[in-house]
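Now for the letters of each chain:
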Amino acid sequence: MGYRNIPPIKTIIWPQQSITQVDLKARETYLSIAHIDELIEDITPIEAEYINAFKDERRKKESTLARIELQNLCMQRYGKTLSELNFQKNKMGKPIIDQGFCGISHSEGFVFTSLSEVDIGIDIERIEQDNIDSLQVAFAEEEWAKIADNPYLILTNFSIKEAIAKKRGLGFLKDPKSIKLAEGEYITNFIIQEKSNRHFVLTICHDENFQFSFVKRNKICKFVTRYEGWYWSAD
């Protein structure tokens, strides 16, 4: 039984300029990372009745921003609004549209959205968390034994399980202990760091030959590292 803590690391030097329209047209999957601080106070919320049902102000802002960012991606890709694409959530809570596939995830003010021609799963988690041991319920005993002393690996692997579940449209209605990568599924992670030195992991579960562009990147955070692969193995 062997164990590798972290797979080979490829550091990405991200360009400072915005991605061009030519680049956008050449790729099929668009991603956006935004923060609720970007919200304009007088903007009209999308589906106000749904948004206003949230009691927590931060969750309300995250949900509002998620709809806005997703609509921006749809306008760039299809030239259509969420309403025109019949945006809704299925009984498992997975967001769906008439064309392509979309995804939403948020954590502590950050909102991660995706629009793609193939089904993917996305997730964002803050790495520095209190009560991290409570996540043990998501892991089989042998999994937890390999990562229990490393908060970074706990949150990263938890995010991987979330992304896998979202790609398959399961959510955590299925026991998370049983959620593992299947043959033909791959993981890409990005670590971002904000000005206050908090770190977040962005996780994408996808099939082979996956291409993507970050159409929008929040100005208060920077991309630190990109990882590809699985974070523990039994080889």
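Residues numbered from 1 in each chain as written. Predicted model: local features only at pLDDT ≥ 70, side-chain atom pairs only at ≥ 80, totals over all residues. Heavy atoms only, no water.

A. Summary view of the nonpolar core. With 20 residues, the main nonpolar core has Phe87, Ile97 and Leu115 as its most contacted residues. Elements represented by at least two residues in this core include exactly β2 (30-35), α3 (57-78), β5 (101-107) and β6 (110-116). Among the elements that line this core, the one with the most residues is α3, at 7 residues. The residues contacting Ile97, other than those within four sequence positions of it, are Cys74, Leu82, Leu85, Asn86, Phe87, Cys102 and Leu115. (Core = buried A, V, L, I, M, F, W, Y, C linked by side-chain atoms within 4.5 Å. Buried < 20%, exposed > 50% of the residue type's maximum accessible area, 1.4 Å probe, protein only. Helix = DSSP H or I, 4+ residues; strand = E, 2+ residues; numbered from the N terminus. Contact = heavy atoms within 4.5 Å.)

B. Quick peek at the packing of aromatic side chains. By the definition in use, this model includes 2 aromatic pairs. Each ring, one from Phe139 and one from Trp144, has its centre 5.8 Å from the other, and the planes form 40°; the classification is tilted. Given the relative accessible area of 9%, Trp144 is considered buried. (Phe/Tyr/Trp six-rings, centres within 6.5 Å; stacked < 30°, edge-to-face > 60°.)

C. Region of interest: helix α5 (residues 151-167). Over its 17 residues, α5 extends 24 Å from the first C-alpha to the last, a length consistent with the 24 Å expected when each residue adds 1.5 Å. α5 sits mainly inside the fold: 15 of its 17 residues count as buried. The opening residue of α5, the one whose side-chain oxygen lies 3.1 Å from the backbone nitrogen of Tyr152, is Asn150. The positive-phi residue at the C-terminal boundary of α5 is Gly169, with phi of around 75°. (Expected span 1.5 Å × (residues − 1). Polar contact = N/O pair within 3.5 Å; in protein donor to acceptor, adjacent residues only side chain to side chain.)

D. Examining the confidence of the model for the chain more closely. Mean pLDDT for the chain: 76, with 73% of residues reaching 70 or above. The lowest-confidence element of the chain is strand β1 (residues 9-10), averaging 30 in pLDDT; the highest-confidence one is strand β7 (residues 121-126), averaging 94. Note that pLDDT drops below 50 for residues 1-27; the model gives that stretch 52 contacts with residues more than four away or on any other chain. (pLDDT = per-residue confidence, 0-100.)

E. Inspection of the pattern of salt bridges at higher detail. Evaluation of the coordinates by the stated rule reveals 14 salt bridges. Glu62 is the salt-bridge partner of Arg59, the closest N and O atoms lying 3.7 Å from each other. In this pair, Arg59 and Glu62 are both assigned in helix α3, 3 residues apart and thus about one turn of the helix distant. Looking at Glu62, the relative accessible area reads 1%, which means it is buried. One salt bridge in this structure joins Lys180 and Glu143, with 2.8 Å as the shortest N-O distance. Of this pair, Lys180 sits in the loop between α5 and β8 (185-194) while Glu143 sits in helix α4 (residues 141-147), placing them 37 residues apart in sequence. What makes Glu143 buried here is its relative accessible area of 0%. The structure contains a network of salt bridges with shared partners spanning Glu108, Arg126, Glu128, Glu194 and Arg198. (Salt bridge = Lys/Arg side-chain N within 4 Å of Asp/Glu carboxyl O.)

F. Spatial organisation of the side chain of Gln193. Structurally, Gln193 is set in strand β8. Reaching out from Gln193, the side chain makes a polar contact with the side chain of Asn197 at a distance of 3.0 Å. Separated by 3.1 Å, the side chains of Gln193 and His199 make a polar contact.

G. Seen up close, the pairing of β2. For β2, a buried count of 6 out of 6 residues is recorded, marking the element as mostly surrounded by other parts of the structure. Where burial is concerned, the two faces of β2 agree: the one with Tyr30, Ser32 and Ala34 and the one with Leu31, Ile33 and His35 are both buried. Two strands pair when backbone bridges link them, and β2 and β6 are joined in this way by 6 bridges, in the antiparallel orientation. Within the sheet, the bridge partner assigned to Leu31 lies in β6 and is Ser114. (Pairing = 2+ DSSP bridges.)

H. Quick look at unusual backbone geometry. A positive phi angle, close to 55°, is found at Asn86, a residue other than glycine. With relative accessibility at 41%, the residue Asn86 sits in the partly exposed group. Although it is not a glycine, Glu108 sits at a positive phi angle of roughly 45°. Along the chain, Glu108 turns up in the loop between β5 and β6.

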